[in-house]
Amino acid sequence: MRPETHLVLHHARAAELHAEAAADHLADDVRQRQRHPRDLRGRLGWTLVEVGLRLATAAPAAGAVSAGTVTA
């Protein structure tokens, strides 16, 4: 095969690969946008669980009533 022919075939194949990669990249962006609301809802849910656990296990505040004794 002549070098010029090989070079033309190489450039054609490279262009095909670049187009395929660009299309795949766009498809990944669409998939991520579709998945985003679920990710946000999940992160918010777990954040609320974490806050609730921290509030449930927090030390009682000063001046709180505990076990029948009043702290003033």
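Computed from a prediction, not measured in an experiment: that's the story for all the values here. (Residues numbered from 1 in each chain as written. Predicted model: local features only at pLDDT ≥ 70, side-chain atom pairs only at ≥ 80, totals over all residues. Heavy atoms only, no water.)

Caption draft 1: Highlighting the overall build of the protein chain. The secondary structure content of the protein chain amounts to 1 helix and 2 strands. Overall, the protein chain shows an N-to-C arrangement of helices and strands of α-β-β. Within the span of the protein chain, comprising 72 residues, buried residues form 0% of the whole. (Helix = DSSP H or I, 4+ residues; strand = E, 2+ residues; numbered from the N terminus. Buried < 20%, exposed > 50% of the residue type's maximum accessible area, 1.4 Å probe, protein only.)

Caption draft 2: Examining the pattern of salt bridges more closely. Scanning the entire structure with this criterion turns up 3 salt bridges. Of the charged contacts in the structure, one is a salt bridge between arginine 2 and glutamate 4, with a shortest N-O distance of 3.5 Å. (Salt bridge = Lys/Arg side-chain N within 4 Å of Asp/Glu carboxyl O.)

Caption draft 3: Examining the confidence of the model for the protein chain more closely. Looking at the protein chain, pLDDT values average 81 and 72% of them are 70 or higher. Ranking the helices and strands of the protein chain by mean pLDDT puts helix 1 (residues 3-57) first, with 86, and strand 2 (residues 69-70) last, with 56. (pLDDT = per-residue confidence, 0-100.)

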